[in-house]
Amino acid sequence: YHYSYTLFFVILLQFHHVFSTNTLSSNETLTISSNKTLVSRGDVFELGFFKTTTKNSQDGTDRWYLGIWYKTTSERTYVWVANRDNPLHNSIGTLKISHNNLVLLNQFNTPVWSTNLTESVTSPVTAELLANGNFVLRDSKTKDLNRFMWQSFDFPVDTLLPEMKLSRNFKPGNDRILTSWKSPTDPSSGDFSFKLEPQNHGLHEFYLLKNEIEVYRTGPWNQNRFNGIPKIQNWSYIVNNFIDNNNEDVAYTFHVNNSNIHSRFRMSSTGYLQVITWTKTIPQRNMFWSFPEDACDLYQVCGSYAYCDINTTSNKCNCIKGFVPKNPEAWDLRDATGGCVRSSRLSCGEGDGFMRMSKMKLPETSEARVDKGIGLEECKERCVRDCDCTGFANMDILNGGSGCVMWIDELVDMRNYVA
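A short tour of the structure in this document, coming up. This is a predicted model, so every value here is computed, not measured.

Overview of the pattern of salt bridges
With the rule as written, the count across this model stands at 16 salt bridges. Two residues, arginine 176 and aspartate 154, come together in a salt bridge whose shortest N-O distance is 2.9 Å. Linking arginine 176 in the loop between β14 (166–169) and β15 (178–183) with aspartate 154 in the loop between β12 (150–151) and β13 (159–160), this pair joins segments that are 22 residues apart in sequence. Here arginine 176 falls in the buried class, since its relative accessible area comes to 16%. Relative accessible area serves as the criterion here: at 22%, aspartate 154 is assigned to the partly exposed category.

What follows is the structure, encoded as structure tokens:
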């Protein structure tokens with residue numbers, strides 16, 4: 001009896017050892033049949049195979065994917081999928097390192113996904129699932145542990161984790177964007193995407209798109225928050241950051257300053273950008289925030305020279321003071337897409353001026369002019385002298401405000417906020 005108890009204990013130890021590694025060497029494989037996974041240090045993330053069944057598919061068969069998920073959440077939560085658009089169609093699949101690349105093979109030993117690296121190294125390479133959820137491939141002999149040949153963080157799916165980047169390249173390259181799943185049970189590329197659109201003049205903002213059509217805009221980054229997301233200033237544990245790499249690309253990243261909180265951004269299959277959190281003590285996902293929040297968040301819902309006010313009872317769209325509906329009949333039917341026009345002709349420099357509008361989402365900035373070197377007063381003077389100028393604002397709101405943004409075209413996609 002004592003002998004069998006001891007043997008059982010040894011088997012448990014071996015089981016734990018086999019199934020809890022975080023690395024894959026050049027002579028090892030992961031297969032669906034082995035049920036083996038990689039687990040990051042700290043036991044937060046796990047990498048392995050999973051399957052879904054797409055009911056509306058023609059064959060209704062299972063689809064197998066290589067992915068990463070949170071290990072300890074009460075409900076399986078995927079954060080990255082390697083072969084999202086090229087699934088395995090049965091339970092025969094192998095992940096291995098071949099010719100210095102990670103390769104996923106199907107039942108015929110045909111690659112369905114690969115890291116596609118052309119760089120040659122003489123020493124063996126190793127794959128590792130890092131503690132932050134990044135799956136990396138690197139030279140096993142390198143002394144620089146932050147130098148990777150390839151990393152999953154460069155290829156986001158629908159989820160942005162802390163330390164990941166969303167970026168836009170000014171030169172041809174790989175833009176990092178979020179693309180939704182097709183449905184809650186289908187990881188293939190869906191209809192919605194979330195991408196950074198930095199302007200050449202230095203204003204950076206995100207757009208949420210459906211099939212490349214703008215659905216939502218965050219408003220420009222003002223060094224404190226995205227202008228169109230006032231609630232972001234209440235996210236005390238999320239620290240936002242932009243990285244400008246010498247006009248080659250601009251990247252956004254964030255980190256969490258509370259080690260007990262896990263947080264991620266997710267582009268949902270239903271068209272919402274969600275901020276989801278959970279704590280180490282309560283592994284239940286909690287929807288912290290999502291947008292669009294209301295009808296006023298929809299892109300250009302009120303047309304030009306109009307702003308959206310969700311608290312207006314008769315019509316949420318309102319013309320800016322001095323403007324009237326361009327199509328009064330449609331406006332009365334609550335179709336404000338035609339926007340507004342001036343109620344009287346502008347007399348440039350002859351008594352016309354600018355009206356201050358507070359607690360507003362800044363208009364679309366793609367055609368705006370920016371001068372980082374001047375303040376609001378000089379910005380106003382320039383705008384007054386320019387008959388094409390339709391509005392102005394600070395670029396940076398910190399320390400009393402600095403920089404100048406001037407609009408020279410129609411003002412579109414504005415809304416106000418209660419606070």
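The rest of the description comes next.
Focus on the sheet that holds strand β5 (residues 62–70)
In sheet architecture, strand pairing relies on hydrogen bonds along the backbone and comes in two forms, parallel and antiparallel. Strand order in the open sheet formed by four strands is β3-β4-β5-β6, and the pairing between neighbours is antiparallel. Unpaired on one side and paired on the other, β3 (38–39) and β6 (78–81) mark the two borders of the sheet. Across nine bridges, the pairing between strand β4 (residues 45–53) and β5 is antiparallel. From the neighbouring strand, phenylalanine 45 faces β5, where its bridge partner is tyrosine 70.

Concerning the sheet that holds strand β25 (residues 317–319)
Here three strands make up an open sheet; going across it, the order is β25-β24-β31 and the pairing mixed. Looking along the sheet, the strands with just one partner apiece sit at the ends: β25 and β31 (414–415). Strand direction decides the pairing type here: strand β24 (residues 306–308) and β31, joined by two bridges, are parallel. Along β31, the bridge assignment pairs cysteine 308 with arginine 415.

Definitions and limits used
Residue positions are given per chain, counting from 1 as you read along its sequence in written order. In view of the model being predicted, local features appear only for residues whose pLDDT reaches at least 70, and side-chain atom pairs are presented and counted only at 80 or more, with totals across whole chains, interfaces and linings using the full set of residues. Only hydrogens and water are set aside when side-chain values are computed; all heavy atoms of the structure are taken into account. Take a side-chain nitrogen of Lys or Arg and a carboxyl oxygen of Asp or Glu: if they are within 4 Å of each other, that pair is a salt bridge. A run of DSSP states H or I qualifies as a helix once it reaches four residues; a run of E qualifies as a strand once it reaches two. Both are numbered from the N-terminal end. For each residue, the accessible area found with a 1.4 Å probe, counting protein chains only, is set against the maximum for its type, and the residue is called buried under 20%, exposed over 50%, and partly exposed in between. When DSSP locates at least two bridges between a pair of strands, those strands are taken to pair.

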